[in-house]
Amino acid sequence: KDGYYYVLGGDQDNTPTERNQVWRSAVTDGLTWTLVSSTTPLADKMLFTCEIYNNEVYVIGGQYTSGGTIAAVADRTVYKTSDFVNWTLVNTGVMPNIGNTYGTITNWNNRFWLVGGEIYGAVGTRSKKVYSTSDFLTWTTHSDLPITNGVSYPNTFSALGALWTFGGADDV
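Residues numbered from 1 in each chain as written. Predicted model: local features only at pLDDT ≥ 70, side-chain atom pairs only at ≥ 80, totals over all residues. Heavy atoms only, no water.

1. Structural notes on the pairing of strand 5 (residues 49-53)
Bridge analysis of strand 5 against strand 6 (residues 56-60) gives 5 bridges, and the strand direction is antiparallel. Directly across from Ile52, in strand 6, lies its bridge partner Val57. Hairpin connection between strand 5 and strand 6: a loop of 2 residues separates the two successive antiparallel strands, and Asn54 in this loop has a positive phi of roughly 50°. (Pairing = 2+ DSSP bridges. Helix = DSSP H or I, 4+ residues; strand = E, 2+ residues; numbered from the N terminus.)

2. Brief notes about the sheet that holds strand 3 (residues 34-37)
Strand pairing in a sheet relies on backbone hydrogen bonds, with the paired strands running either antiparallel or parallel. The 3 strands are arranged 1-2-3 in an open sheet whose pairing can be described as antiparallel. The sheet terminates laterally at strand 1 (4-8) and strand 3, the two strands that pair on one side only. Across this sheet, the average inter-strand angle for adjacent strands is 35°, counted without regard to direction. (Axes fitted to C-alpha atoms, helices over the stretch in contact; angles between N-to-C directions.)

3. Focus on the sheet that holds strand 9 (residues 77-81)
Strands sit in the order 5-6-9-10 across an open sheet of 4 strands; the sheet is antiparallel. For this open sheet the edge positions go to strand 5 and strand 10 (87-92), each flanked by a neighbour on one side alone. Within this sheet the neighbouring strands show an average axis-to-axis angle of 25°, counted without direction. The pairing of strand 9 with strand 10 spans 5 bridges and is antiparallel.

4. Thoughts on the packing of aromatic side chains
A full pass over the atoms with the stated rule returns 10 aromatic pairs. Ring centres 5.6 Å apart and planes at 50° place the aromatic pair Trp108 and Trp113 in the tilted group. The exposure classification of Trp108 matches that of Trp113, with both residues buried. An aromatic cluster is present here, built from Tyr53, Tyr58, Phe112, Phe136 and Trp139 joined pairwise through their rings. (Phe/Tyr/Trp six-rings, centres within 6.5 Å; stacked < 30°, edge-to-face > 60°. Buried < 20%, exposed > 50% of the residue type's maximum accessible area, 1.4 Å probe, protein only.)

5. Concerning the pairing of strand 2 (residues 22-26)
Two elements, strand 1 and strand 2, share 5 bridges in a ladder whose sense is antiparallel. Counterpart to Tyr5 in the pairing with strand 2 is Ser25. Bridge analysis of strand 2 against strand 3 gives 3 bridges, and the strand direction is antiparallel. When the sheet's bridge partners are listed, Arg24 is paired in strand 3 with Thr34.

6. A word on the confidence of the model for the chain
On average, the chain scores 81 in pLDDT, and the residues at 70 or more come to 84%. When mean pLDDT is compared element by element in the chain, strand 3 scores highest at 93, while strand 8 (residues 69-74) scores lowest at 64. (pLDDT = per-residue confidence, 0-100.)

7. Let's talk about the nonpolar core
Of all hydrophobic cores here, the largest spans 10 residues; its members are Tyr58, Ile60, Val78, Met95, Ile105, Phe112, Leu114, Tyr131, Phe136 and Trp139. Mapped onto this core, the elements with two or more residues apiece are strand 6 and strand 12 (111-115). Residues Leu8, Val22, Leu42 and Val59 belong to the second largest nonpolar core, which totals 9 residues. (Core = buried A, V, L, I, M, F, W, Y, C linked by side-chain atoms within 4.5 Å.)

Shown next as structure tokens:
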């Protein structure tokens, strides 16, 4: 975004202070990092996904933590920011309840597409569901991924007029 790489969030091995920070480095550098913000709504979130749309960054889903302890509860909130300093809560609890930890979000045809995911530490919860939304309020269910088991950590992108999903982990 704007000629920079951004790093935000973390996992259970990071402190809430660290998860609350946003750092950036010029794409031409990658070695020198500058703290952009240390006040975000991300201190108790991890394993979320991000997507840029209309020059705003959306932080979507993930999982709650409490003092470094992972909660087996999906975070179904969506935040957005244009500067990583000022954050707007888009909504909470409206996303499909598939865990949305380790899932992927991408933008294609003016819609956000949520693919796969699971609930951390809950064996057998990987999803092959596909949903889309244009506003994060109303979600459309699409045909499942054509795979036997659900998938976490997939990669999704658009190319050649289609949405592509590859990779990830399953329960096999």
